[in-house]
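# Structure assessment
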Amino acid sequence: MKKQWWHDKTAYQIYPKSFFDSNGDGIGDLPGILSKLDYLKELGVDILWLSPIYQSPLADQGYDISDYYAIDPRFGTMEDMETLIAEAKKRDMYILMDLVVNHCSDEHEWFQKAIQDPDGEYGNFFYIEDRKEGELPCNWRSYFGGSVWEPLPGHPDKQYMHVFHKKQPDLNWENEQVRQEVYKNINWWLDKGLGGFRIDAIINIKKKLPLRDYPSDRADGLSSLGDMLADATGIGEFLGEMARETFHPHEAFTVGEVFNEKDEEIKDFIGDDGYFSSMFDFCETSFGKSAKGAYASQQHLTPEEYKACIFKTQKRIGDIGMISNIIENHDEPRGVSHYILPEDLCDATKKLLGGVNFMLRGLPFLYQGQEIGMENTTVSSIEEVDDISMRNDYAVALEAGLGEEEALQAVVHFSRDNARTPMQWNDGENAGFTTGKPWLALNPNYKEINVERQLQEPDSVFHFYQKLIALRKNPEYKETVVYGECVPYLEEVENLIAYLRKGEKTLLVLANFQKEPRKVELPGEVKEVLIDNLDGAVIEGKTAELKGYQFVVLAVR
Ligand code: TEU
Ligand code: CA
């Protein structure tokens, strides 16, 4: 694997709408992010991924872009964005934007022109089919529920495709002109000094054509998109072209939202000359999800299930490239509420989970609030829910025969609002997020869990993450933490997650994922305890005595 400038960095995802509101309108914004740059620097992160801030009707919270060259006024101005890039640079930090080009907004000029003249130039920017209402061109189901087909406004005999919401029409990547427009926009942003992009929903850009039905997997007669996407070969031609024309000449850092890649494709995606620099590991986020819907999906992973997922990915990736590791993002439950069983949830396990994930080989991505251990929120009625995905999950649960309360409880764990509640800065009004009315209700636990308090407490979750990040930058251990091989250790021992990192030095990561203490045989003599979530690890010769939920990183000989 060739070394790259970003390998030793730590990344952090910001969900701008919920990060910090500078002007009291209840919506987080770019000046808000700017005012928190020093906080992020203190934590130690280097790369900041901003979820979309482009002009958008916010039908899917900015993942529906109506102008790729404009900042939505709710988030700020182009000048604010330029200032943020410049101020980040001064602090040796890099800004990533979200590249959302599988689809645009139905309010984008291209789609408006397509509506005016579906047979003209812009009609071919989208997938538009001649078909009467009630007759579907094919039976694909959208990710947010219902058919991917929707009547084209003003044309009762035509329908357009949207694999997400109907306000997110899919762009036709088979059309060379669409691809050139996308590349032009990417280069325009990179020329402004952007560090790179997180690339949204990218596996959807290649459709299996000609259109045809796939076997239906629910009572609605529709088929989920998985089979079609697995059939649609040739995405590499688009991605290779995009990389050559944009990312590679700029040495941009890119991280793809890639699902279901085959083993033999890993090299093409993130190998030395891959389409992207990195991609996220979704092995554990997809674990236990049911084809029937969220209501039938598994709500927590046991330590054994979590362990199996992380090692599966580590083995698949090996030295081919650098995967990006997460415990959560803006689409997922809070990691601490998903990968820790409710009876085990406490500061010690939050640190343990964070530590296990962070020390894996790969680029660690933190999500805002993770550094203080933010948890899933509480919801008492569907009316309180903003997330369009959760609203659909709820409808699917009702259709499956669940009662209203039962349906709510069955899907709320997966609500995307869990990760989108405003950042908890202090224990004051609205957790210090806004002086106005927050766009989404805060998690009521902000009185206990907030940044101000954790900055004061030396053993807080915040300071634990700060130590992990500092270890990744420590000149003595950096090479091993960044490049060292990840070798599972005592893999079959239940509720123990342990692995070695073997580089110039050897590190041993031990996580006792149970409340009972245990003894662990060590592979060598311990030189130093580098990280300890409980302080006071007992090492006697070649044995470590771990307390319940203890997590340690040991330098071993
Ligand atoms: O998500 C893409 C995606 O494929 C889904 O699996 C995602 O988990 C979805 O939220 C299901 O609940 C990306 C973005 O991360 C997401 O926020 C957007 O809604 C989506 O693309 C459309 O742009
Ligand atoms: Ca604001």
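For every chain, the first residue of the written sequence is number 1, and numbering continues from 1 along that sequence. Working convention: letters from A go to chains and numbers from 1 go to ligands, in the order in which they are written. Thresholds applied to this predicted model are a pLDDT of at least 70 for local features of residues and 80 or more for the giving and counting of side-chain atom pairs; totals over whole chains, interfaces and linings are not thresholded and use all residues. Calculation of side-chain values draws on the structure's entire complement of heavy atoms; hydrogens and water are dropped beforehand.

### Let's talk about the confidence of the model for the protein chain
The test is simple: Within a predicted model, pLDDT stands for the predictor's per-residue confidence, ranging from 0 to 100. For helices the rule is a DSSP run of H or I covering at least 4 residues; for strands it is a run of E covering at least 2, with both sets numbered from the N terminus onward.
A residue-level look at the protein chain finds 100% of positions with pLDDT of 70 or above and a mean pLDDT of 97. Across the protein chain, element-level confidence peaks in strand 1 (residues 11-14) with a mean pLDDT of 99 and bottoms out in strand 19 (residues 538-540) with 92.

### Thoughts on the nonpolar core
Note on soluble globular proteins: their nonpolar side chains tend to be buried together. Short version of the rule: Among buried residues, those of type Ala, Val, Leu, Ile, Met, Phe, Trp, Tyr and Cys that are joined through side-chain atoms within 4.5 Å constitute a nonpolar core. The buried label goes to any residue with under 20% of its type's maximum accessible area, the exposed label to any with over 50%, and the partly exposed label to all in between, with areas taken from a 1.4 Å probe on protein chains only. We call two residues in contact when some of their heavy atoms are within 4.5 Å.
Of all hydrophobic cores here, the largest spans 152 residues; its most connected members are Met 81, Phe 197, Phe 247, Met 359 and Phe 551. The dominant element in this core, judged by the number of residues it contributes, is helix 17 (residues 461-473), at seven residues. Phe 197 has contacts with Tyr 54, Leu 96, Met 97, Asp 98, Leu 99, Ile 186, Trp 189, Leu 190, Phe 247, Phe 253, Thr 254 and Val 255, leaving out every residue within four places of it along the chain.

### Examining the sheet that holds strand 15 (residues 496-502)
Each strand in a sheet pairs with its neighbour through backbone hydrogen bonds, running either in the same direction (parallel) or in the opposite one (antiparallel). Which entries qualify depends on this criterion: Strand pairing is assigned whenever DSSP detects at least two bridges linking the two strands. An axis is simply a line fitted to the C-alpha atoms; with a helix, the fit covers only the stretch in contact. Between two such axes, the angle follows the N-to-C directions and lies from 0 to 180 degrees.
Ordered by their spatial adjacency, five strands build an open sheet running 14-15-16-21-18, and the pairing between neighbours is antiparallel. The open sheet has two free edges, formed respectively by strand 14 (485-488) and strand 18 (526-532), since each of these has just one partner strand. Taken over all neighbouring pairs, the strand axes of this sheet differ in orientation by 25° on average, direction set aside. Judged from the seven bridges that link them, strand 15 and strand 16 (residues 506-512) form a sheet pairing that is antiparallel.

### Here's the deal with the side chain of Lys 158
As a reminder of what qualifies: Distance and chemistry together define a polar contact, namely a pair of N or O atoms within 3.5 Å, with one atom able to donate a hydrogen and the other to accept it when in protein, and with adjacent residues in sequence counting only for side-chain atoms on both sides.
Relative to the helices and strands, Lys 158 resides in strand 8 (residues 155-161). There is a polar contact of 2.5 Å between the side chain of Lys 158 and the side chain of Asp 130. Once you skip the residues sitting within four places of it in the chain, Lys 158 turns out to touch Pro 118, Asp 119, Ile 128, Glu 129, Asp 130, Arg 131, Glu 150, Pro 151 and Leu 152.

### A short note on the site of ligand 1
Note the threshold: The cutoff for a nearby residue is simple: one of its non-hydrogen atoms must lie within 4 Å of the molecule or strand. Gly is put with the polar residues, along with every residue not named as nonpolar or charged; the nonpolar set is Ala, Val, Leu, Ile, Met, Phe, Trp, Tyr, Cys and Pro, and the charged set is Asp, Glu, Lys and Arg.
Around ligand 1 sit 16 residues, and of these Asp 60, Asp 200, Asp 331, Ser 389 and Arg 416 come closest. Taking Asp 60, its side chain carries an N or O atom lying 2.5 Å from an oxygen atom of ligand 1. Between an oxygen atom of ligand 1 and a side-chain N or O atom of Arg 416, the distance comes to 2.6 Å. Its residues assigned to classes, the shell around ligand 1 shows five nonpolar, four polar and seven charged.

### Description of the coordination of the calcium ion (ligand 2)
Basically, it comes down to this: Each metal's donors are the N, O and S atoms found within 2.8 Å of it, except that Na, K and Ca use a 3.2 Å limit; water is left out, so coordination can look incomplete.
Every protein donor of the calcium ion (ligand 2) is listed here as Asp 21 (OD), Asn 23 (OD1), Asp 25 (OD), Ile 27 (O) and Asp 29 (OD), and their distances to the metal cover 2.2 to 2.3 Å. We note that the donor set of the calcium ion (ligand 2) lies within a single chain, spaced as D-x1-N-x1-D-x1-I-x1-D. Residue Asp 21 is classed as buried on the basis of its relative accessible area, which comes to 5%.

### Let's talk about the sheet that holds strand 17 (residues 518-521)
If you walk across this open sheet you meet the three strands as 17-20-19, and the pairing is antiparallel. If you trace the sheet from one side to the other, it starts and ends with strand 17 and strand 19, each paired once. Averaged over all neighbouring strand pairs, the angle between strand axes comes to 25°, with direction disregarded. Of the strand pairs in this sheet, strand 17 and strand 20 (residues 543-546) are connected by four bridges, and their pairing is antiparallel. In the sheet register, Arg 518 faces strand 20, and the bridge partner there is Leu 546.

### Looking at the pairing of strand 5 (residues 94-99)
Of all six residues in strand 5, five are buried; the element is thus mostly enclosed. With three bridges connecting them, strand 2 (residues 47-50) and strand 5 associate as parallel partners. Each bridged residue has a counterpart across the sheet, and for Leu 48 the counterpart in strand 5 is Ile 95.

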